[in-house]
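# Coordinate inspection notes
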Amino acid sequence: MDEVDGFVKEGITTDDINKFVHKMTVEAGGIPAPLNYEGFPKSVCTSLNNVVCHGIPDDTVLKSGDILNVDITTILNGYYSDMSRMYMIGNVSDEAKRLVEVTKECMYAGIDAVKPYMPVSVIGNAINEITDREGYSIIRALSGHGVGLEFHNEPVIEHYRTDRKTMIMVPGMVFTVEPMINQGTFDCDVLDDDWTVVTKDGKLSAQWEHTVLVTETGVEIITK
Ligand code: MF3
Ligand code: CO
Ligand code: CO
């Protein structure tokens, strides 16, 4: 992911990012988990502007003003890790920049809320405090997830507020915190490719993701 930071720029295509991530992953002895996962055709997800997540790399050229999420999942020695970051291409509007930065703040607030023997709902409650203040909405149709020996597992990590009883976090659990935050409403659609999730109102969406470990005293970020 750190290498992707230096690679993403105006003028390259999202498929260039796919090739870059695929090559680096394989050279490091890893397997890019998205490739052929339930039919996903590429090795990384690239989600541009109004795309919420699961964007498929293609010939789209990155241009000034775009915001882009790159989501990398690697399998190494049988274990999965899952992380994503946002990239701002060239000159991005103040509104888009604010969305990207607030979404990062949401991810870290969710991670900071992770405490052993507390319910996972503390994560979404912490994130919802921020979006209430900032006037953004939180995707409800997709969640964070346990990760480790499989790509997606329990517990389900919702990023919005709930007073339902949810699973208790215990030391040793590994899961993702990956809020998807929208400028407009949280409603979304899936395109005909059966993967690309887009905002229904066409407004921007941002996402950041880390894989975390619950410890005896708190939390450790695995994907640092
Ligand atoms: N990395 C995504 C997540 O955070 C899942 C991508 S599934 C894929 O859960 F097939 F689109 F790669
Ligand atoms: Co994930
Ligand atoms: Co991911």
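Use the structure listed above.
Now for a look at the structure at hand.

The rules behind these values
- Residues numbered from 1 in each chain as written.
- Chains lettered and ligands numbered in written order.
- Predicted model: local features only at pLDDT ≥ 70, side-chain atom pairs only at ≥ 80, totals over all residues.
- Heavy atoms only, no water.
- Donors = N, O, S within 2.8 Å, 3.2 Å for Na, K, Ca; no water.
- Tetrahedral: all angles 85-135°; square planar, octahedral: opposite > 155°, others 65-115°.
- Helix = DSSP H or I, 4+ residues; strand = E, 2+ residues; numbered from the N terminus.
- Buried < 20%, exposed > 50% of the residue type's maximum accessible area, 1.4 Å probe, protein only.
- Pairing = 2+ DSSP bridges.
- Contact = heavy atoms within 4.5 Å.
- Near = heavy atom within 4 Å.
- Polar contact = N/O pair within 3.5 Å; in protein donor to acceptor, adjacent residues only side chain to side chain.
- Areas by Shrake-Rupley, 256 points an atom, 1.4 Å probe, with all protein chains shown as cover.
- Nonpolar A, V, L, I, M, F, W, Y, C, P; charged D, E, K, R; others polar.
- Phe/Tyr/Trp six-rings, centres within 6.5 Å; stacked < 30°, edge-to-face > 60°.

## Quick word on the coordination of the cobalt ion (ligand 3)
Every protein donor of the cobalt ion (ligand 3) is accounted for by Asp-71 (OD), Asp-71 (OD), Asp-82 (OD) and Glu-209 (OE), and the metal-donor separations fall at 2.1 to 2.2 Å. Geometry at the cobalt ion (ligand 3) is irregular, judged from its six donor atoms and the angles of 59 to 169° they form at the metal. The sequence pattern formed by the donor residues of the cobalt ion (ligand 3) is D-x10-D-x126-E. A separation of 3.3 Å is found between the cobalt ion (ligand 3) and the cobalt ion (ligand 2), which are bridged by Asp-82. Of the two residues, Asp-71 sits in strand 4 (residues 67-76) while Asp-82 sits in strand 5 (residues 79-88), which places them 11 residues apart along the sequence.

## Description of the pairing of strand 4
Most of strand 4 sits out of view: eight of its 10 residues are buried. Pairing of strand 1 (residues 31-32) with strand 4 involves two bridges; the strand directions are antiparallel. Bridged to Pro-32 within strand 4 is Thr-74. Once strand 4 ends, the chain turns through two residues before running back antiparallel as strand 5, passing Asn-77 with a positive phi of about 50°.

## Structural notes on the side chain of Thr-13
Counting through the fold element by element, Thr-13 comes out in the loop between helix 1 (2-7) and helix 2 (14-27). If near-sequence neighbours (up to four positions away) are discounted, Thr-13 is found in contact with Asp-58, Asp-59, Thr-60 and Val-61.

## Examining the sheet that holds strand 13 (residues 205-207)
Sheet architecture is open: three strands sit in the order 6-10-13, paired in antiparallel fashion. Looking at which strands have only one partner, the edges of the open sheet turn out to be strand 6 (137-138) and strand 13. Strand direction decides the pairing type here: strand 6 and strand 10 (residues 180-182), joined by two bridges, are antiparallel. Following the sheet pairing, Ser-137 is matched in strand 10 by Asn-182.

## Comments concerning the site of ligand 1
Around ligand 1 lies a shell of 14 residues, among which Asp-71, Asp-82, His-145, His-152 and Glu-178 are the nearest. In the environment of ligand 1, a nitrogen atom lies 3.4 Å from a nitrogen or oxygen atom belonging to the side chain of Thr-73. With the chains in place, 97% of the 340 Å² that ligand 1 exposes on its own is no longer accessible. Of the residues assigned to the shell around ligand 1, the class counts are six nonpolar, four polar and four charged.

## Here we look at the packing of aromatic side chains
What characterises a pair of aromatic rings is the spacing of the ring centres plus the angle enclosed by the ring planes. The final tally for this structure, using the stated rule, is four aromatic pairs. With a centroid separation of 4.1 Å and 10° between ring planes, the pair formed by Phe-7 and Phe-20 is classed as stacked. One end of the pair, Phe-7, is in helix 1; the other, Phe-20, is in helix 2, with 13 residues separating them in the sequence. Between Tyr-80 and Phe-151, the ring centres sit 5.7 Å apart and the planes meet at 35°, which makes this aromatic pair tilted. Linking Tyr-80 in strand 5 with Phe-151 in the loop between strand 7 (144-146) and strand 8 (153-157), this pair joins segments that are 71 residues apart in sequence.

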